[in-house]
Amino acid sequence: MPQQIKQVGVLGAGLMGHGIAQVAAQAGYEVVLREVDDATLQKGIGKIEKQLARAVEKGKSSQEDADAVRGRIAGTTDYKDLAGCDLVIEAITESLPLKLEMWKELDAIVKPEAVFATNTSSLAVIDQAAATSRPGQFVGLHYFNPAQVMKLVEVVRALTTTEEAFETALQFARSEGKLAIPTKDKAGFIVNRLLVPYMLDAMRAYEEGVGSVAEIDEAMKAGAGHPMGPLTLADFVGLDTLGSICDVLFDEFRERRFARPPTLRKMLAAGWYGRKSGTGFYDYSGEEPRENPAF
Ligand code: CAA
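What counts, and where the lines are drawn
Residues numbered from 1 in each chain as written. Predicted model: local features only at pLDDT ≥ 70, side-chain atom pairs only at ≥ 80, totals over all residues. Heavy atoms only, no water. Pairing = 2+ DSSP bridges. Helix = DSSP H or I, 4+ residues; strand = E, 2+ residues; numbered from the N terminus. Axes fitted to C-alpha atoms, helices over the stretch in contact; angles between N-to-C directions. Contact = heavy atoms within 4.5 Å. Near = heavy atom within 4 Å. Polar contact = N/O pair within 3.5 Å; in protein donor to acceptor, adjacent residues only side chain to side chain. Areas by Shrake-Rupley, 256 points an atom, 1.4 Å probe, with all protein chains shown as cover. Nonpolar A, V, L, I, M, F, W, Y, C, P; charged D, E, K, R; others polar. Domains from an automatic or database assignment.

### Observations regarding the sheet that holds strand 6 (residues 138-143)
Sheet architecture is open: eight strands sit in the order 3-2-1-4-5-6-7-8, paired in mixed fashion. With partners counted over all chains shown, the strands left at the sheet margins are strand 3 (73-76) and strand 8 (179-184), one partner each. Between one strand axis and the next, the sheet turns through 25 degrees on average, direction left out of account. Relative to strand 7 (residues 152-157), strand 6 is paired through five bridges, and the arrangement is antiparallel. Its bridge partner lying in strand 7, His142 is registered against Glu154. Helix 1 (residues 17-26) contacts strand 1 (7-11), strand 2 (30-34), strand 3, strand 4 (87-90) and strand 6 of the sheet and is inclined by roughly 165 degrees relative to strand 2. Contacts between helix 2 (residues 38-57) and the sheet are confined to strand 2 and strand 3, with strand 3 contributing the most and set at about 160 degrees to the helix.

What follows is the structure, given as structure tokens:
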């Protein structure tokens, strides 16, 4: 029997966390959104408010509903406010040591029957589950960016996950209107196993002079029907996040297809993290993105 979920904790109000919090609140859950400091928290909540206002402007939501969704999200910088949560989803930086440190603190605070979930893109779920006192109640819930729009949630069963916790996670994702696809706890799960080598290969194609950045993107949009080209998508995911994901996949599988191409390594050295930093394969400082003149 799946557990009843009323209150959901979300750790991290960044690119993924703010969207995960919004989706849960839209599905009627009470949400506690935690960030490390108030400025970062307010930035994340601001993004949610902007999306809600846009939905009202477009006539997709009433002002009353938007207010109710916003009213279900409580921001905090204190782990103690997550004590009564039934489900806690982490969406912090893709770093195992940071995630373990965070779970260690939370494990002692959150009620023992609560389910913990990681939104990791690439790390094995078991490595986090085993570091808590509740390895049975630990799952992967992997959302896609933008979480408010993308239909899929990969629901990952670690070696230790109980049937009840897994069912709880599946039901939760479905209750949000998502397509919940179960996957094994294999680094990259289904989507990133396929999508990450694709983005890296687009960088290699650029390095080999097959086409320019914009040509590669336009070709994949027009030729394969993708909503974004692979290099635009890499900027959108975040080049730093993509770098961390491909490192984990490379460590796990030792296959060249997961290795960082030199272009990615150099862009990260330059501090170009894609759309979020204003520079990546494209320059986002103007009204419309334009190809980064460095390419
Ligand atoms: N939050 C909320 N809603 C958003 C949004 C956001 N950040 N971005 C776009 N939307 C909404 C818009 O409001 C719009 O809604 P309506 O149709 O109701 O008006 C709708 O999405 C379409 O947006 P736009 O018209 O602005 O632009 P678009 O048609 O180009 O769509 C897109 C934007 C949905 C991002 C689309 O380009 C797309 O699907 N791109 C591919 C995204 C993708 O592949 N994501 C997965 C990345 S991999 C990942 O996340 C996994 C990982 O671990 C790294």
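Next comes the rest of the write-up.
### Describing the site of the ligand
Among the 19 residues in the neighbourhood of the ligand, the closest are listed as Lys58, Lys60, His142, Asn145 and Asn192. In this structure, an oxygen atom belonging to the ligand sits 2.6 Å away from a side-chain N or O atom of Lys60. Here an oxygen atom of the ligand sits 2.8 Å away from a polar atom, N or O, in the side chain of His142. Here the ligand has 1000 Å² of accessible area as a free molecule, and 64% of this is covered by the chains. The set of elements that each furnish at least two residues to the shell around the ligand consists of helix 7 (191-207) and helix 9 (230-237). With three residues, helix 9 is the largest single contributor of residues to the shell around the ligand. When the residues that make up the shell around the ligand are grouped by side-chain class, the tally is 11 nonpolar, six polar and two charged. Split by domain, the residues of the shell around the ligand number at least three in each of domain 1 (7-184) and domain 2 (192-290).

Everything listed here is a matter of geometry and, on its own, says nothing about what the molecule does.
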